[in-house]
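Working through the structure, step by step
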Amino acid sequence: MPTLMVLSNIYEELRRNREEYLRKAEKASILTIPTVLPQDGKMRHQLPQNFQSIGAFGVNNMTAKLMLTLFHPTEPFMRLEISPADMEVLEAQASERGQGSTVARITEQLLAIEQQALSEFDTSGWRPCLAESMRQLVVTGNALIYDRPGSYRPSVYDMRRYVVERDPEGNLQRVVLKEGLSRLSAMERLKDKVDPQTIMNMTTDYSGMGPENVDNALSLYTGAILNDEGKYEFFQEINGVPIEDPIVFEPQDLPLIPLRFAPVYQSSWGRGYVEEYEGDLLSLESLRRALVEAAMAAAKVVFLVQETGMTKAKVIAEAPNCAIRAGRAEDVGTMKVDKGADLSVAKSLVNDIEVTLSHAFLLNSSVQRKGERVTAEEIRYVAQELEDALGGVYASLAETVQRPVVLYLYRKLEREGFLRGIPDYVRPVIATGLEQISRNHKFTKLAQAVSAIQQFIGPERVTMLMNEDALVRDVFTSLNLNADEYIKSPEEIAEMEEQAQMQAAVEKLGGPAIQAMSQQPTDGQ
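Read on for a plain summary of the structure. (Residues numbered from 1 in each chain as written. Predicted model: local features only at pLDDT ≥ 70, side-chain atom pairs only at ≥ 80, totals over all residues. Heavy atoms only, no water.)

**Regarding the overall build of the protein chain**
Within the protein chain, the regular secondary structure consists of 17 helices and 15 strands. Sorting the 525 residues of the protein chain into buried and exposed places 40% on the buried side. Put simply, 69% of the contacts in the protein chain that link residues at least 6 apart link residues at least 24 apart. (Helix = DSSP H or I, 4+ residues; strand = E, 2+ residues; numbered from the N terminus. Buried < 20%, exposed > 50% of the residue type's maximum accessible area, 1.4 Å probe, protein only. Contact = heavy atoms within 4.5 Å.)

Below is the structure:
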């Protein structure tokens, strides 16, 4: 059985396959934001100090734009659709019963689920977690999200804290997270299985968990292994001692979500965006450092006094500012660094590299209007710009980052009962990437279609041919609005029509006629 395998052994086995990618990620972190992936054994104050900031600026800019397109703050980041087969069944049933558009009503329910998913995303701490994950992905290419049971918000871990194994197709096989745990916490978790003295005698191991762990920390392993039934067995252990019996999860329900920026062919790990521009960042760092050190040398002021002159060096050294002393100006001079021409070559190369990196990290582009609400068209423009700049990586991110998170949140909403009201045989199709913002373009298509039909057959025929209720509901849905909040019920519409008929009769026959008509039954009695 897979659960008999010790997680610590699996971790050590898979850790060797991680080293190549870890070394690359550390170098990318040093050139951009060293705190993203601190070197093993180093505290934050021991991390290297960069002489350029365009790497950090570019990473933050890419992170913000990816979050804007993949997980927009005001628009649903997923789109639930009805499959064509289910849509035909629903329309046929509605036609037999003489009802209106059933698809439109279910689409409104799916829109409400999308809004609920957005609310869950914002209120459960997923947005800051994904923002940090996105920064990890841009720099290192890998990140792990752990939605710890009972925790307020999910946690994100860099690639030094976990190991992962995938099959050649990229499907997750095994994942193990390693964390530090105090002996006191270990006693609490293992109180029914291991006596306290045995826990005190356990070997201390905090390698790979960061220097902030104290020397008496134990290793808490959290892992998931794919079994023969296509499900994951999730369990935890402390220094080889299991805490509880394994829990079986469906793939979409697994709380451990390993993410990759750009998958590497037949590899369990991914590569980051920074890795592609490592040469330019390294050259810029070296040139900037040389320019800074040269500027510091040029800024140093040293007065030189001629030894055989009338002016004494002591007089110059002890003279306060604006003092008057006897001497000759020819006897005193300043030391100069005659490297201006050489440094101008370095400065020109720095400018060229900065322009290249600015284009690579999209620092020179801005579509969003300041102080205004971002429209779906602007989001689509930014997404397309990312797709062009990243060479197809954005489409990959929709599959490797956005879809796993969306599927997990969708199943979470399903377990919590937010999918009621939808027939059991209707399975929504989750659309991500550029597809998830295409609903807003349905409004444009509807407006174009109605306008074209009016030009061809006239407004009067349009009213006779069109299903106004379905059209109005589709317009509201395409704008991510709940139609029931704005459209009147059939009873209210019938009442208004009756009142309109009465008003028309009053205007046509006059008040006395209506009064006489209303009194006819009384006179007959």
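There's plenty left to go through after this.
**Regarding the layout of surface pockets**
Of the pockets and cavities examined, the largest pocket occupies roughly 650 Å³. Contributing to the lining of the largest pocket are 23 residues, with Arg 166, Gly 170, Leu 172, Pro 258 and Pro 404 lying nearest its centre. For the lining of the largest pocket, the secondary structure elements donating two or more residues are strand E10 (256-260) and helix H12 (393-415). If one sorts the elements of the lining of the largest pocket by residue count, H12 sits on top with six residues. Here the residues of the lining of the largest pocket are counted per class, giving 12 nonpolar, five polar and six charged. (1 Å grid on protein atoms, 1.4 Å probe; cavity = no way out; pocket = protein on both sides within 12 Å on 5 of 7 lines; lining within 4 Å. Points joined across faces, edges and corners; volume = space filled by probe spheres on them. Nonpolar A, V, L, I, M, F, W, Y, C, P; charged D, E, K, R; others polar.)

**Some thoughts on the pairing of strand E2 (residues 142-146)**
Counted residue by residue, E2 has five buried out of five residues, so it is predominantly covered. Burial along E2 is two-sided: the residues Asn 142, Leu 144 and Tyr 146 and Ala 143 and Ile 145 are all buried. In this sheet, E10 lies alongside E2 in antiparallel orientation, the contact comprising five bridges. Among the inter-strand pairings, Tyr 146 is bridged to a residue of E10, identified as Leu 256. Pairing analysis gives three bridges linking E2 to strand E3 (residues 155-157), with the strands arranged antiparallel. (Pairing = 2+ DSSP bridges.)

**Some remarks on the packing of helix H5 (residues 126-140) against H12**
For any two helices packed against each other, one specifies the crossing angle of their axes together with the interaxial distance. One way to put it is that H5 packs onto H12 with a least axis distance of 12 Å and a crossing angle of 155 degrees. By the criterion of interaxial angle, the relationship of H5 to H12 is roughly antiparallel. Considering how the two elements wind past one another, H5 and H12 form a crossing that is right-handed. Each of Trp 126, Leu 130, Met 134 and Leu 137 in H5 lies in contact with H12, whose residues at this interface are Val 401, Val 405, Tyr 408 and Leu 409. Taken together, the residues that form the contact of H5 with H12 break down as eight nonpolar, no polar and no charged. (Axes fitted to C-alpha atoms, helices over the stretch in contact; angles between N-to-C directions. Parallel < 35°, antiparallel > 145°, perpendicular 65-115°, else oblique. Left-handed = near helix turned anticlockwise from the far one by under 90°.)

**Thoughts on unusual backbone geometry**
Of note, the phi angle at Cys 322 is positive, near 65 degrees, even though the residue is not glycine. Checked against the element boundaries, Cys 322 lands in the loop between helix H9 (313-318) and strand E14 (332-334). We classify Cys 322 as exposed; its relative accessible area is 73%. Even without being a glycine, Leu 362 presents a positive backbone phi close to 60 degrees. Topologically, Leu 362 is positioned in the loop between helix H10 (340-360) and helix H11 (376-389).

**Quick word on the pairing of strand E5 (residues 172-181)**
Two faces, one strand: in a regular strand the side chains alternate between the faces of the sheet. A large share of E5 lies buried, amounting to eight of its 10 residues. Sheet topology places strand E4 (residues 162-166) next to E5; five bridges connect them, and they run antiparallel. Bridge pairing links Glu 165 to Arg 174 in E5. Between E4 and E5, which pair antiparallel in sequence order, lie five residues; one of them, Gly 170, sits at a positive phi of approximately 95 degrees.

**Some points on the packing of aromatic side chains**
For the coordinates displayed, the defined rule picks out 10 aromatic pairs. When the centroid spacing of 5.6 Å and the interplanar angle of 85 degrees are considered together, the rings of Tyr 273 and Phe 361 count as edge-to-face. Of the two residues, Tyr 273 sits in the loop between strand E12 (270-271) and helix H8 (278-299) while Phe 361 sits in the loop between H10 and H11, which places them 88 residues apart along the sequence. Between Tyr 277 and Phe 361 the ring centres are 6.1 Å apart and the planes differ by 50 degrees, which places this aromatic pair in the tilted class. Highlighted residues: Tyr 277 in the loop between E12 and H8 and Phe 361 in the loop between H10 and H11, separated in sequence by 84 residues. Exposure remark for Phe 361: the relative accessible area of 0% places this residue in the buried category. Taken together, the aromatic side chains of Phe 261, Tyr 273, Tyr 277 and Phe 361 make up a single cluster linked through ring pairs. (Phe/Tyr/Trp six-rings, centres within 6.5 Å; stacked < 30°, edge-to-face > 60°.)

**A short note on the packing of helix H2 (residues 54-70) against H5**
In contact at an axis separation of 9 Å, H2 and H5 are set at 130 degrees when each is read in the N-to-C sense. In terms of their interaxial angle, H2 and H5 are classed as oblique. Two packed elements cross with a definite hand, and for H2 against H5 that hand is right-handed. Of the residues in H5, those touching H2 at Val 59, Asn 60, Met 62, Thr 63, Leu 66, Met 67 and Leu 70 are Arg 127, Leu 130, Ala 131, Met 134, Arg 135, Val 138 and Val 139. Of the residues that constitute the contact of H2 with H5, the class distribution is 10 nonpolar, two polar and two charged.

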